[in-house]
Amino acid sequence: MSILVSPTTKLLVQGITGSFGARHTQLSLEYGTQVVAGVTPGKGGQLFEKKVPIFDTVAEAVKATGATASAIFVPPPFAGDAILEGVDAGLDLVVCITEGIPVNDMVKVRRAMDGRKTRLIGPNCPGIVTPGTGRDSIGGCRIGIAPGYIHKKGNIGVVSRSGTLTYEAVWQLTSRGVGQSTCVGIGGDPVNCTSHLDVLKMFNDDPETHGIIMIGEIGGSAEEEAAAWIKKNCRKPVAGFIAGATAPPGRRMGHAGAIVSGGKGTAAAKIAAFREAGIGIAETPTVMAETLLKMM
Amino acid sequence: MNIHEFQAKQLLAKYGVAVPPGDVCSTAEQAKALADRLFAAGEKVVVVKSQIHAGGRGKGMFKSGFKGGVKLCKSADEVFENARAMLGNVLVTKQTGPDGRLVSKLLVAGAPPIKKEFYLAVLLDRASSRPLMMVSREGGVDIEEVAEKNPDAIVKETIDPAVGLMPYQARKLAAALGLTGDLISPAVKLFLGVYKTWWECDASMVEINPLCIIEGADGKDTLSAVDAKVSIDDNALFRHKEIHAMRDLGEEAPLEIEASKFNLNYIKLDGNIACLVNGAGLAMATMDIIQHYGGKPANFLDVGGGASKEQVTAAFKIILSDPNVKGIMVNIFGGIMQCDTIATGIVAAVRETNLHLPLVIRLEGNNVTLGKKILQESKLPLTPADTMADAAQKIVAAVKK
């Protein structure tokens, strides 16, 4: 088992013909991901890389291929619309990679998704990887932009707001011969639709996940909420790292959501919440895997 | 993106928010002419306000020795004198840092007697992913202090984005401020206008502090947004050309402007160890680990996922134009990017910039062996590192020498 996606998940890609979307769809195909359709309005009827059929709408793609998940690579002004098109088509999972979507667009999208069954991961995220059993973990499901080869199939769940820090944690695990069940990048925007807590609950319920690495950063209070839940409910060891202890207040550190404002969202407060919840604290990002493995 | 007070008030006025009459100017003569008009229209006091993107202007001090970036004046001549003392001079406030900011524009506006001050703001509530309007009876003061010492004094109303701020919510907030009778209607109009400004302009924050009860022209009490601060969501600027045109490059750090030309995310800090990293989270973590081992980061710098040779070269140039920098730590996790491509870019950039400071490089990921070989064979005086911790310790030690 794994969470959210498995090697049999049928994926469609919205924005498959853009350069970024095309490149990463190619990498996902090489990883063994079941990419069954692409969507680019106006290019319906064509084939991507001579094998993946392209449709004008998500609804058509779902009807023809049975896809249940989508990866979105469309530019920021159109991304909100693309997410809701996926929701409308009844997809189980939409993963939005696009960075730079206006915050109010996401406020509207969140509101429009109330009561709908679709789970949205992102936006502004690296995506999800459930590693496979082949060489370099090939044969798994890779949705998004993470490098596939750094993974290894196993029993650690990784959840993070940041892309490269996720890779860092995954690589530390794999280098020690420890594999991952699923790695989820929830994204660095102030409005996202799947929180650390949502993913932790899934890892907690997944029999194949034995331990969890949670990576957070300054801004908001999602890490604190997750920590409070872990203290009461989590049956598995969790190690955590928070980035941004040295970030000056009031400045956005690259990610739109990474900002300490009004004294809220500091690294110190998040680390204190982690400690209070019994989460193993990685003092530096170099020891994320080591911290978890010591607890197991 | 931050905008000036006068620009914020222009936007607010467009959405029906009552603001004191006034206009912006850039010479003392223009200030006097504006004041003449305001006095002729019946204003008894006119205020001259320095336009910089920083708070604490009233208590600020000009480097010339002139005190106060905001002055109340009873005559047009007084306006002229104050304007002359402010324009072209550098104002230092508790928010500007010791360098201060050059004042090149003034807002000249009517300043009716204030009977009561409140606080009003709209921002995104991250917990609910919805807009939030908050008010407080304690206006004109630092709201963060109020939030800490007297949180009950702040009243909040969460807004459903599908319908926007409803009039009943505005009435609830007015009641929370103790506004009754003839003040309810102007309060509702003002609150709805402030929300509309926030929503339609894609603001990340609209703050009215103070929101004041003043005596209107007809002698009756009314409300006015006496000071206003608006910041706009950078991601939404593409659909607001008029607001984008309000960007004042004079208010931004020159190195940060230069970095944005190359799609680099650079923030200058006050340490002496520069860092060059791919990814925002990793960049923050790199600053943290430098500090963890006793160093001080000179900047945040995210070169993005691509990290092309041009970007890396531009990044080195920007880092090197900070005179405080005594050493550089490069931390790249080559996920999709090949480490050899990145190494080639670094070698070219080091040669082009004629770098002579200690340089520690940590490469990890795709083709890392080839990447390290390229660095080694370059014969450049750089130090390779295996992990982030190793790199941080090496650069901290090199800078201390």
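Visitor: Explain unusual backbone geometry to me, and be specific about the residues and the numbers.
Guide: Among all residues except glycine, the phi angle is most often negative; among peptide bonds, the trans geometry is most common. Here the amide bond leading from G122 of chain A into P123 of chain A is cis, since omega sits at 5°, within 30 degrees of zero. Examined against the element boundaries, P123 of chain A turns out to sit in the loop between strand 7 (119–121) and strand 8 (127–130). Despite not being glycine, N263 of chain B shows a phi value in the positive range, around 60°. On the secondary structure map, N263 of chain B appears in the loop between helix 8 (254–261) and strand 14 (265–268).

Visitor: Residue-level account of the nonpolar core, with values.
Guide: Counting 151 residues, the largest nonpolar core has I72 of chain A together with L301 of chain B as its most contacted members. Element by element, the count of residues in this core is highest for helix 9 (residues 280–292) of chain B, at eight residues. In contact with L301 of chain B, other than residues within four places in its own chain, are L264, N265, Y266, C275, L276, V277, A283, A315 and I319 of chain B. Counting residues in hydrophobic clusters, the runner-up holds 44 residues, among them L12, V19, V122 and I232 of chain B.

Visitor: Can you explain the sheet that holds strand 6 (residues 101–102) of chain B? Please cite residues and give values.
Guide: Residues and elements named next belong to chain B. Here we have three strands laid out as an open sheet, ordered 3-5-6, and antiparallel in their pairing. Only two strands of the sheet have a single partner each, and these edge strands are strand 3 (61–62) and strand 6. Bridge count between strand 3 and strand 5 (residues 90–92): two bridges; the pairing is antiparallel. Residue pairing in the sheet places M61 in a bridge with V92 of strand 5.

Visitor: I'd like a rundown of the interface of chain A and chain B, residues and numbers included.
Guide: With 46 residues of chain A at the interface, the matching set in chain B holds 45 residues. Only helix 3 (76–88), helix 4 (103–112) and helix 5 (163–175) of chain A provide two or more residues apiece to the side of chain A that touches chain B.

Visitor: Lay out helix 3 of chain A with the relevant residues and their values.
Guide: Residues and elements named next belong to chain A. The terminal C-alpha atoms of helix 3 lie 19 Å apart, and with 13 residues this matches the ideal 18 Å at 1.5 Å per residue to within 8%. Along helix 3, the residues classified as buried are A79, G80, A82, I83, E85, G86 and V87. Looking one or two residues beyond helix 3, the residue adopting positive phi is G90, at roughly 80°.

Visitor: Describe in detail the packing of helix 2 (residues 28–40) of chain B against helix 3 (residues 76–86) of chain B, supporting the description with residues and values.
Guide: Residues and elements named next belong to chain B. Taken N-terminus to C-terminus, the directions of helix 2 and helix 3 make an angle of 150°; their axes are 8 Å apart at the nearest point. In terms of their interaxial angle, helix 2 and helix 3 are classed as roughly antiparallel. Crossing geometry of helix 2 relative to helix 3 is assigned as right-handed. Residues A28, A31, K32, A35, D36 and F39 of helix 2 pack against A76, V79, F80, A83 and R84 of helix 3. Residues belonging to the contact of helix 2 with helix 3 are distributed by class as follows: eight nonpolar, no polar and three charged.

Conventions used here
- Residues numbered from 1 in each chain as written.
- Chains lettered and ligands numbered in written order.
- Predicted model: local features only at pLDDT ≥ 70, side-chain atom pairs only at ≥ 80, totals over all residues.
- Helix = DSSP H or I, 4+ residues; strand = E, 2+ residues; numbered from the N terminus.
- Core = buried A, V, L, I, M, F, W, Y, C linked by C-beta atoms within 7 Å.
- Buried ≥ 20, exposed ≤ 12 C-beta atoms within 10 Å, placed from the backbone.
- Contact = placed C-beta atoms within 7 Å.
- Pairing = 2+ DSSP bridges.
- Expected span 1.5 Å × (residues − 1).
- Axes fitted to C-alpha atoms, helices over the stretch in contact; angles between N-to-C directions.
- Parallel < 35°, antiparallel > 145°, perpendicular 65-115°, else oblique.
- Left-handed = near helix turned anticlockwise from the far one by under 90°.
- Nonpolar A, V, L, I, M, F, W, Y, C, P; charged D, E, K, R; others polar.

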